[in-house]
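Okay, here's what each chain looks like letter by letter:
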Amino acid sequence: MARYPGEENERRFPESVLRDTVARVFAACGMTDGDAVTLADSLVHADRRGIHSHGVLRVPDYVKKLTEDGVDPRGHPRIVSDAGAALVIDGGNAMGQIAGTLAVDAVIDRARSVNVAFAAVRGSNHSGALDWYTMRIAAQGMIGIAGSNALPTMAPWGGVDKIVGLNPISIAVPGGEHGPIVLDVALGATAHGKIRVYAQKDQQIPEGWAFDASGVPTTDAAAALDGLIQPIGGHKGIGLALMVGLLASVLSGAGYGTESGNMVDGATPGADGQFYLAINVAAFRDIADFTAHISRVARQYRDSRRADGVERLYLPGDLEAEVAERNRRDGIPLNDEAVALIVEAATKLGVDTGPLLQAAR
Ligand SMILES: NC(=O)c1ccc[n+]([C@@H]2O[C@H](COP(=O)([O-])OP(=O)(O)OC[C@H]3O[C@@H](n4cnc5c(N)ncnc54)[C@H](O)[C@@H]3O)[C@@H](O)[C@H]2O)c1
C-alpha cells in the first residue's frame, strides 16, 4: 500500500540492500568491489535525496557504459600534477565517480594544509549528482564547489548550434544546527530526458524549456528533441554554463562540449572533465562563528515574508534534506518500471536480485 500520495505504483527498499545489489551489478561489469560500492553509493545518495534522475534508474545506462561503450571498469584514476593548491587528476577512463572520489579526498587533504585546493579532472566520464561530492567537503568544515562538463544540448544566446552542455554546478556551505546549505543545479531549463518522456506520451512541454532547431521557442516535444534546451536565465545562464564547462574541462585538458561527444552518438569514453574545490573555513574565520552566522542568514531566508498561497520558503538543499530523512527511515521509493529495469540488467549479468525484491516494503 502506498505510504505517501503519488506512490501508488512504488515500493520502498532499504538503502543498504539496494546499495549492495547495485554494487554487485557493477562488480559483475568488472569493477573492483570497492569501486563498485563507491559507484552504487553515488546513485543511492541521489535517490535518498529524491534526485531520482541521477539514482539507480541509471544502472542500465551505466552497465552499458561499462560493458559496451568503452568506459574502463578497472580504470585507475591518479594525480598527474601536484602543485600546492593545484591538482590535476587523470581519471583513467573510469566512471566519473571514481575519479571524483580521489579528487574530493585530495582537495580535502590539501585544503587542511594550504586552506584552498582545486582539482581539475580529465580522462573522466559521467559523474552523477554533484551534491554527493560537495556535501562530503562541507562535512569537513569546508566550502565545497564542484562542476562538470556535460554533453552539448544548448546554443550560444541567439545561436542554433548545440555546443554548450547543461554543465551543472554544486556549492555546499557548512551550516549550523540545520546542516549545510547545498545548491546543486544544471544550467538548462530542463533535462533532455524529461523532454523525451513528454515526446513518448505525445504531450506538449511547458513554455520556456526548449527552442526548435531554428532557435524559435517551442512547446512541441518532438521539435524540442531535434532542437535545443533553453538555458536558465537567458544570456546569463548560457554564459554561466560556458564558464562552468571551461573550469571543468579546458583547465585539465579534458574535452569541452562537442569534444566530449554528442546526444546522437553518445559520450566519448574518457573525454569528460570535472572540477572540485575545497575552501577551508577555519583559515578565514572561527568555524563556530561562521556556522552561527550561516544559521542567522538561513533563519532570515526561511522566515522571510511569503507571497500569497506559499506555505514555506526553502533554502537550496532543504527539500532534499527532508526527503532524505524520510527515505533513510522508510526506504528508497522506486517505481515498478525502474525496479524492472534494474532486475533485467542484473539478471543479464547473473546477479541475484532475490534479496532486493524480498526486502521491498
Ligand atoms: N554529472 C553530470 O553530468 C550532470 C549533468 C546534469 C545534471 N546533473 C545533476 O542533476 C541533478 C538535478 O539538477 P537540476 O538542475 O535538474 O535540479 P533542480 O532543477 O531540481 O534543482 C535542484 C536545486 O534547486 C533547489 N530547489 C528545488 N526546488 C526548490 C524550491 N522550491 N525552493 C528553493 N530551492 C529549491 C534544490 O534544493 C537544489 O539545490 C543535480 O544533482 C545535478 O548535479 C549532473
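Residues numbered from 1 in each chain as written. Predicted model: local features only at pLDDT ≥ 70, side-chain atom pairs only at ≥ 80, totals over all residues. Heavy atoms only, no water.

*Asks:* Pulling in residues and values, what's your account of the site of the ligand?
*Replies:* Around the ligand there are 20 residues in total, and Gly 128, Asp 184, Ala 186, Gly 317 and Glu 320 lie nearest to it. At 3.1 Å, a backbone N or O of Leu 130 approaches an oxygen atom of the ligand. Coverage of the ligand by the protein amounts to 70% of the 870 Å² it exposes when considered alone. Mapped by element, the contributors of at least two residues to the shell around the ligand are strand 9 (181-185) and helix 10 (318-330). Ranked by residue count, the leading element in the shell around the ligand is strand 9, at four residues. When its residues are assigned to classes, the shell around the ligand shows 11 nonpolar, seven polar and two charged. (Near = heavy atom within 4 Å. Polar contact = N/O pair within 3.5 Å; in protein donor to acceptor, adjacent residues only side chain to side chain. Areas by Shrake-Rupley, 256 points an atom, 1.4 Å probe, with all protein chains shown as cover. Helix = DSSP H or I, 4+ residues; strand = E, 2+ residues; numbered from the N terminus. Nonpolar A, V, L, I, M, F, W, Y, C, P; charged D, E, K, R; others polar.)

*Asks:* I'd like a description of a nonpolar patch on the surface, backed by residues and values.
*Replies:* Taken together, the side chains of Leu 242, Met 243, Leu 246 and Val 250 present a nonpolar region at the surface, about 330 Å² in accessible area. Checked against the element boundaries, Leu 242 lands in helix 8 (residues 234-249). (Patch = residues over 30% accessible without salt bridge, like charges linked within 9 Å, V, L, I, M, F, W, Y side chains within 5 Å. Salt bridge = Lys/Arg side-chain N within 4 Å of Asp/Glu carboxyl O.)

*Asks:* Which residues make up the environment of Met 142, and what values do they have?
*Replies:* Position of Met 142 relative to the elements: it lies in strand 5 (residues 142-148). Residues Met 142 and Ile 89, 53 residues apart in the sequence, show an inter-C-alpha distance of 21 Å. Met 142 has contacts with Ile 108, Ala 111, Arg 112, Ile 137, Ala 172, Pro 174, Ala 278, Ile 279, Asn 280 and Val 281, leaving out every residue within four places of it along the chain. (Contact = heavy atoms within 4.5 Å.)

*Asks:* Which residues make up unusual backbone geometry, and what values do they have?
*Replies:* Its identity as a non-glycine residue notwithstanding, Asn 115 has a phi of 80 degrees, on the positive side. Residue position: Asn 115 is located in the loop between helix 4 (96-114) and strand 4 (116-124).

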